[in-house]
Amino acid sequence: VETTELSNWGNYPRIQALMEEAQTIRDVKAHVDSTEASIVRGNGRCYGDSASAPVVLSALGLDKYLHFDDTTGSLTCQAGVLLADVIETFLPRGWFPMISPGTKFITIGGAIAADVHGKNHHAEGSFYHCTDWVELMLGSGEVVRCSRHQHSELFEATFGGMGLTGMILAASFHLKRVESAYISFESERASNLDEIFDAFERSASWTYSMAWIDCLARGKDLGRSILMRGEHAKVADVANRANPLLPKKKLQATMPFYFPDFALNELSIKAFNWQMYHRHGKGTKRFIQDFDSFFYPLDAILRWNRLYGRRGFTQYQFVLPLATSREGLRDILTTISDAGLGSFLAVLKLFGAGRGMLSFPMEGYTLALDFPITPQLFPLLDKLDTKVLQYGGRIYLAKDVRMSKEVFWASYPEAEAFMKVIQSLPKGHRFASLQSERLGLHL
Ligand SMILES: Cc1cc2nc3c(=O)[nH]c(=O)nc-3n(C[C@H](O)[C@H](O)[C@H](O)COP(=O)(O)OP(=O)(O)OC[C@H]3O[C@@H](n4cnc5c(N)ncnc54)[C@H](O)[C@@H]3O)c2cc1C
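Residues numbered from 1 in each chain as written. Predicted model: local features only at pLDDT ≥ 70, side-chain atom pairs only at ≥ 80, totals over all residues. Heavy atoms only, no water.

### Focus: the site of the ligand
Lining the immediate surroundings of the ligand are 35 residues, of which Val-40, Gly-42, Arg-45, Thr-107 and Tyr-396 lie closest. Within the backbone of Gly-102, an N or O atom sits 3.1 Å from an oxygen atom of the ligand. At a separation of 2.9 Å, an oxygen atom of the ligand approaches a polar backbone atom of Gly-110. Summarising the interface, the protein chains cover 98% of the accessible area of the ligand, which totals 960 Å² for the free molecule. Of all the elements in the fold, those that place two or more residues in the shell around the ligand are β3 (37–41), α3 (108–113) and β10 (167–177). Each residue belonging to the shell around the ligand can be placed in one class, and the counts come to 19 nonpolar, 12 polar and four charged. (Near = heavy atom within 4 Å. Polar contact = N/O pair within 3.5 Å; in protein donor to acceptor, adjacent residues only side chain to side chain. Areas by Shrake-Rupley, 256 points an atom, 1.4 Å probe, with all protein chains shown as cover. Helix = DSSP H or I, 4+ residues; strand = E, 2+ residues; numbered from the N terminus. Nonpolar A, V, L, I, M, F, W, Y, C, P; charged D, E, K, R; others polar.)

Rendered as structure tokens:
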């Protein structure tokens, strides 16, 4: 049997895996009947090992639209459809995904399994909130449709369940009406952590908000950042555009090779962060931006993950409850900046209340930081884990690659309820990933 090298977005870890691809539901059934264990993979945009296992079943071949209701925006499609395709097909007709993460190159199955969030979680929730039902193939080969009213525990376990409840075959979810493909955008600078929290609170009525934060700033500059917020632009705002629903196609570049490992170091990150902050200047900036630049700035460079070299990288994303966010973020940012292991993609967002048994969001602030894999990194992240736990927070499974079982079970209060759901399912093929084995999320 031939194996291939497999890794997800962080290029770490790289393993040899047996890859199968399903084009039809019958293929999925044959896979489930003939193999003991595997994990389903969407487009491999999780950062770590959630979609890695010795045997992997790709869902990308299940890429059909099944139904669209042009009066309500309700779309039913197979799980391997990419969000990028949904946008390309439905934006020209005035519809946009209600929930979208920072890349559009993810599948609908991946959006559900990780219960993804966007810049609008405080206002519109996670992918759970726009989904009516999900159809799954269980390990027994049985196909089950679950919703808030039908097999509701399975529904709650599947959002954030990282593929462990079964293979998502299809789902029905809502798009939102938009008048244009543009965003009315505003940004402002905050010179420290208190200012950025205040800016988020003042911006609570905006649908979209996020901040880029300079995580190497220290002392009185700790937490200096740029807050960005936006609304879908109205037709009147973009009256000068030929077709408000069709922005000009942008050129896409591809990172042609892996950067050498030394390219990203403390000095280059410091210089980048310093520039980002100072170039913005004081005062509020306002302009109209196309949706790609606002939602998916990183997608403009295909394979930008090669910037981190062959050693790979990871993203550390945690959330802290509202009550401890200010104190906790001060503490954690100080620890990162003292360690000198900066990240040039550090993003802060505000969450509203969460749903789903293993879903990541909870009401509070979430910070995401990219770090190249180096020998000093994991001891620092272990230290951060302790602090995240101490402040009552948790770490996002879709980004995780190294969290311990103990940290996971101490921070996901519904993990036991989740395991009960898994244990109650009819037996057969086991859906398990390197991550689920590491975290003790298996039968
Ligand atoms: C640049 C970038 C920005 C990002 N920004 C955000 C963000 O803002 N918010 C956010 O929430 N996430 C974000 N992510 C993470 C990403 O949205 C999630 O990891 C998402 O799950 C990836 O979808 P995928 O189709 O690539 O799934 P994969 O990465 O292939 O798989 C992810 C998980 O979903 C499971 N899965 C996938 N398809 C199925 C299926 N059909 N049935 C059952 N299980 C399945 C897999 O088993 C695995 O556990 C970002 C990722 C990148 C690379």
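### A closer look at the packing of aromatic side chains
Under the definition given, this model contains 28 aromatic pairs. Pairing Tyr-308 with Phe-313 gives two aromatic rings, centres 4.1 Å apart and planes at 10°, and the pair type is stacked. The same class applies to Tyr-308 and to Phe-313, which are both buried. Three or more aromatic residues joined by ring pairs make a cluster, and in this case those are Phe-96, Phe-185, Tyr-208, Phe-287, Phe-291, Phe-294, Phe-295 and Tyr-296. Just above the ring of Tyr-128 sits the side chain of Arg-148; from NZ or CZ to the centre is 4.6 Å. (Phe/Tyr/Trp six-rings, centres within 6.5 Å; stacked < 30°, edge-to-face > 60°. Buried < 20%, exposed > 50% of the residue type's maximum accessible area, 1.4 Å probe, protein only. Lys NZ or Arg CZ within 6 Å of the ring centre and 35° of its normal.)

### A word on the nonpolar core
In this structure, Ile-108 and Phe-318 are the most contacted members of the largest nonpolar core, which totals 97 residues. If sequence neighbours within four positions are ignored, Phe-318 has contacts with Leu-329, Ile-332, Phe-360, Tyr-365, Thr-366, Leu-367, Leu-369, Val-388, Arg-394 and Ile-395. Ranked by size, the runner-up nonpolar core spans 21 residues in total, among them Tyr-182, Val-238, Tyr-277 and Phe-291. (Core = buried A, V, L, I, M, F, W, Y, C linked by side-chain atoms within 4.5 Å. Contact = heavy atoms within 4.5 Å.)

### Brief notes about unusual backbone geometry
Cis peptide bonds are those with omega within 30 degrees of zero, and the linkage from Tyr-12 to Pro-13 qualifies with -5°. On the secondary structure map, Pro-13 appears in the loop between β1 (4–6) and β2 (15–21). Its identity is not glycine, yet Asn-11 carries a phi of approximately 55°, on the positive side. Along the polypeptide, Asn-11 turns up in the loop between β1 and β2. Although it is not a glycine, Arg-303 sits at a positive phi angle of roughly 60°. Locating Arg-303 in the fold gives a position in the loop between β16 (301–302) and β17 (313–321).

### Digging into the sheet that holds strand β18 (residues 346–351)
If you walk across this open sheet you meet the eight strands as β15-β11-β13-β12-β18-β19-β17-β20, and the pairing is antiparallel. Where the open sheet ends on each side, the last strands, each with one partner, are β15 (285–290) and β20 (394–395). In the sheet, β17 pairs with β20 via two bridges, with the strands oriented antiparallel. Residue Val-319 lies in a different strand from β20, and its bridge partner there is Arg-394. With respect to the sheet, helix α7 (residues 266–280) is in contact with β11 (182–190), β12 (208–213), β13 (225–232) and β15, its orientation differing from that of β11 by roughly 105°. Where helix α10 (residues 377–390) meets the sheet, its contacts fall on β17, β19 (364–372) and β20, and the angle it forms with β17 comes to roughly 10°. (Pairing = 2+ DSSP bridges. Axes fitted to C-alpha atoms, helices over the stretch in contact; angles between N-to-C directions.)

### Some remarks on helix α1 (residues 25–34)
Taken as a whole, α1 has its buried residues at Val-28, His-31 and Val-32. For α1, the arc enclosing every buried residue in end-on projection is 95°, short of the 170-degree limit, so these residues lie on one face. Turned more than 90 degrees away from the buried face of α1, the exposed residues are Arg-26, Asp-33 and Ser-34. Those residues of α1 hidden inside the fold are in contact with β2, β3, β4 (55–58), β8 (131–137), β10 and β21 (430–431). (Arc of directions from axis to C-beta.)

### Section: the sheet that holds β3
Reading across from one edge, β1-β2-β4-β3-β21 is the order of the five strands in this open sheet, with mixed pairing throughout. Unpaired on one side and paired on the other, β1 and β21 mark the two borders of the sheet. Note that β3 and β4 share three bridges and pair parallel. When the sheet's bridge partners are listed, Val-40 is paired in β4 with Leu-57. Along the sheet, α1 contacts β2, β3, β4 and β21; its crossing angle with β4, the most-contacted strand, is approximately 170°.

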